[in-house]
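Spelled out, the chains give:
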Amino acid sequence: SAQQQHRRGACGNSHPRLSLRHAPRSSRCAPCRVAAPEAPATVSASTLNTSFVQNKQQYEALYKRSIEDPAGFWAEVAEQFHWETKWERDHMRYNFDVRAGPIAVEWFRGATTNLAYNCLDRHVLAGRGDQTCFIWEGNDVGREKSMTYAEALDEVCRLANWLRAAGVKKGDAVAIYMPMLLELPLAMLACARIGAVHSVVFGGFSAESLAQRMEDCKAKVLLTASGVMRGPKSIDLKKIADKACSLSAEAGHTVEHVLVYENDNAVPAADCPFTPGRDRWWQAEVSAQPHTCAPEWVEAEHPLFLLYTSGSTGKPKGVLHTTGGYMVYAATTMRHVFGLQPGDVYWCTADCGWITGHSYLAYGPLLNGTTQVVFEGVPTHPTPARCWEVVAAHGVTQFYTAPTAIRSLMSFGDQWVSQCDTSSLRLLGSVGEPINPEAWRWYHEVVGKGKCPIVDTWWQTETGGHMITPLPGAWPEKPGSATLPFFGVRPVVLDEKGNELQGEAEGILAIAQPWPSTLRTVYGDHERYQSNYFGPFPGYYFTGDGCRRDADGYYWITGRVDDVINVSGHRIGTAEVESALVAHPACAEAAVVGYDHPIKGQGIYAYVTLMAGVEATKELKKELVGSVRSIIGAFAAPDVIHWAPGLPKTRSGKIMRRVLRKIAAKEEDQLGDTSTLADPGVVASLVELRGK
Ligand code: PRX
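Remember, predicted model here, so these are calculated numbers, not experimental data.

Criteria and cut-off values
Residues numbered from 1 in each chain as written. Predicted model: local features only at pLDDT ≥ 70, side-chain atom pairs only at ≥ 80, totals over all residues. Heavy atoms only, no water. Helix = DSSP H or I, 4+ residues; strand = E, 2+ residues; numbered from the N terminus. Rg over C-alpha atoms; globule rule 2.2 N^0.38 Å. Areas by Shrake-Rupley, 256 points an atom, 1.4 Å probe, with all protein chains shown as cover. Lys, Arg positive; Asp, Glu negative; His and termini not counted. Charge placed at Lys NZ, Arg CZ, Asp CG, Glu CD. Buried < 20%, exposed > 50% of the residue type's maximum accessible area, 1.4 Å probe, protein only. Salt bridge = Lys/Arg side-chain N within 4 Å of Asp/Glu carboxyl O. Near = heavy atom within 4 Å. Polar contact = N/O pair within 3.5 Å; in protein donor to acceptor, adjacent residues only side chain to side chain. Nonpolar A, V, L, I, M, F, W, Y, C, P; charged D, E, K, R; others polar. UniProt positions renumbered as here; feature names shortened; annotations may be inferred. Pairing = 2+ DSSP bridges. Contact = heavy atoms within 4.5 Å. Axes fitted to C-alpha atoms, helices over the stretch in contact; angles between N-to-C directions. Right-handed = clockwise from strand over helix to strand, strands pointing away.

**A word on the overall build of the chain**
- Along its length, the chain carries 20 helices and 33 strands.
- Relative to the globule expectation of 26 Å for 692 residues, the C-alpha radius of gyration of the chain, 25 Å, shows essentially globular dimensions.
- Along the longest, intermediate and shortest principal axes, the C-alpha atoms of the chain span 75 × 65 × 60 Å.
- Just so you have it, the chain exposes about 25400 Å², and 52% of that area is on carbon and sulfur atoms.
- Charge-centre separation for the chain: the mean point of 67 positive side chains lies 3 Å from the mean point of 74 negative side chains.

Okay, here's the thing in structure tokens:
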């Protein structure tokens, strides 16, 4: 019927062929001729749980309240969840200023809850157990399955029971190194169910990186799989995991149990290395467990997960997120930014190994009872039409991906999109790096047929959820701008001295007060947390990003201001790549910078000084790239190795990266002041060696 065809629009009904808020100011919905509920003139925080913000006036009133009374605002929003015990009246406490003492952030003091319970049991108990929660699309076309909320709960309980039987207790860390099988988000939920802290390590990381992360968080148990398919290739994941366990043991940390999922499509059990005693087969072990598992009620500030991310110096940091605030914030951003409606089919292409996969694949969608697609493969396999075929096959309504994927798909031409029926799409999302206007327009015109709002969401591993983002239909978008802050987020633009700039301004992006999913610490190193994030500009959380605020108050992220580069939406510390290069015996010194890359956003450009007497050959370049692949992972492999007999250094020995960036960008005519260089002749010799 017409009614069925047109469910889910601003009127509460869907309009697959129209944009999300097709008629924001109309009380009558023209396409389906049913009355739309009038948006309330004023909305309170609790109405966010049932209706959407329709315009800028409503947003502004609510935003003001969220900033002035964060504790009251978020407590109202939090009412929609199950809390085993409620928070105290004065539940939110914080110190964001290092000068006033240790940095601390606390939300929902006194409350207890369980995130897995809120993601699964809550829906099942409300009679929504038969609703599909996951539609899984394998790497190979035709391999797919779906799972209901009740089935997911059953799986999670059995895995949680296995973890308990293996001796995992509340607060213990569990490492997860898995492909994008449904077992990956289910494993995260199983940990949450028993109060264990998960640490997901992206499957593209090397054995060294996995070992380093397992050692740091003292993971007792590792959950992994026999192998993974990436396009036409199969990868022996378990072999890498085994090497990581040995490296970890050499460093003095023993992983007690390894649970191995047989992903027989990639690597059958017969071809998978197995250490009896330590290793167990997932399918056999988990199916033998009881189907119910009492959730561990944990304090709101109980650690939920660690996720390692790169900074400008040193080893990756274990960013710690806790339970209550993260739950409320992930769920609320999810619902409002994606304009979720009953019956939607949402698809986020991120891997659970990154924060996007945590907040907007594992937790946000399930907290909202969403049906979502989980994709194991790569967007270009077997053809560049793959994503659009999946959209057509499942009637995807919201599609969330990174600009690098958009640029890559755009480079294959429009026909791959046009040949598929993408008319179910109602909203498009972008995350991970600035989206260039050309890619934005292609996304908007070719993929969204000009009818879908684009939510360009700016946020970070540390922020846990969207920070600056459009709310679809509530205010106009501008290609390349993340627009305005979400509720509770107070961004400021600072000058180099830390003064807040007013109005139109360009400078450093910082956040002036805590939001519910603020990172709480760097695992095992609170000092580093304080100095990294709160040291540079006392009183503020330092984001590491530069930004511009325009006359309309919109924020435009201009990229990192520290030595972090963003390659295909993956965050990579230049210092990490440098130390992986220097680990090669032929390399005396290395300096890494980012350069503009047409698909990846930024590419990795490495200047390498060789040991005396070593010949600079093409083979050696390959070996150096190989060193980075094996120490960090393939995604961090340098795109360019530039031989450097010397590096541009100041007289005090500091490398002038600005000069290196200019040479990489072929802009050596714009070097600026180089009078502090110890040896100005270095520049000419580097320019001469470019491309050699
Ligand atoms: O530089 C910003 C960029 O990605 C960084 C955070 O990386 P990560 O912690 O890996 O999280 C990525 C997924 C949230 C930021 O400091 N970034 C993220 N989203 C955007 C962005 N830059 C511009 N626009 C965005 N929408």
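And the narrative resumes.
**A closer look at unusual backbone geometry**
- Going from His381 to Pro382, the amide bond is cis rather than trans, its omega being 0°.
- With respect to the element layout, Pro382 can be found in the loop between β19 (371–375) and α12 (386–394).
- The phi dihedral of Ser568 falls on the positive side, at around 50°, and the residue is not glycine.
- Look at Ser568 and you get partly exposed, because its relative accessible area is 22%.

**A closer look at the pattern of salt bridges**
- In total, this model carries 37 salt bridges according to the counting rule given.
- Measuring nitrogen to oxygen at the nearest pair gives 3.0 Å for the salt bridge that ties Arg65 to Glu76. Residue Arg65 is located in helix α2 (residues 56–68), and its partner Glu76 is located in helix α3 (residues 70–78); the two are separated by 11 residues in the primary sequence.
- Overall, the relative accessible area of 25% leaves Arg65 in the partly exposed class.

**A few points about the site of the ligand**
- Lining the immediate surroundings of the ligand are 17 residues, of which Asp456, Thr457, Thr461, Asp545 and Arg571 lie closest.
- One of the side-chain N or O atoms of Arg560 is found 2.8 Å from an oxygen atom in the ligand.
- Relative to its free-state accessible area of 540 Å², the ligand is covered by the protein chains to the extent of 96%.
- Counting residues per element, the ones that place at least two in the shell around the ligand are α11 (355–367), β22 (454–457) and β28 (555–560).
- Its residues placed into classes, the shell around the ligand shows six nonpolar, six polar and five charged.

**Remarks on the UniProt feature "domain: AMP-dependent synthetase/ligase" (unreviewed entry) in the chain**
- The UniProt feature table records "domain: AMP-dependent synthetase/ligase" (unreviewed entry) at residues 125–515.
- Taken end to end, residues 125–515 has its terminal C-alpha atoms 30 Å apart, with 32% of it in helix and 23% in strand.

**Observations regarding the sheet that holds strand β9 (residues 197–200)**
- The strand order β14-β13-β10-β8-β9-β16-β17-β26 describes an open sheet built from eight strands, whose pairing is mixed. In this open sheet, the two edge strands, each paired with only one partner strand, are β14 (279–281) and β26 (521–522).
- Here strand β16 (residues 303–309) pairs with strand β17 (residues 317–322) via six bridges, running antiparallel. Directly across from Pro303, in β17, lies its bridge partner Thr322.
- Sitting on the sheet, helix α6 (residues 183–194) is in contact with β8 (173–177), β9, β10 (221–225), β13 (257–261) and β16, with an inclination near 175° to β8.

**Things to note about the pairing of β9**
- Every second residue of β9 is oriented toward a common face, with Val197 and Ser199 on one face and His198 and Val200 on the other, all of them buried.
- Where β8 and β9 come together, four bridges link them in parallel fashion. Pairing of Ala173 across the sheet is with Val197, part of β9.
- For the segment spanning β8, α6 and β9, crossover handedness is right-handed.
- Pairing of β9 with β16, which is carried by two bridges, proceeds in the parallel orientation. Paired with His198 across the bridge in β16 is Phe305.

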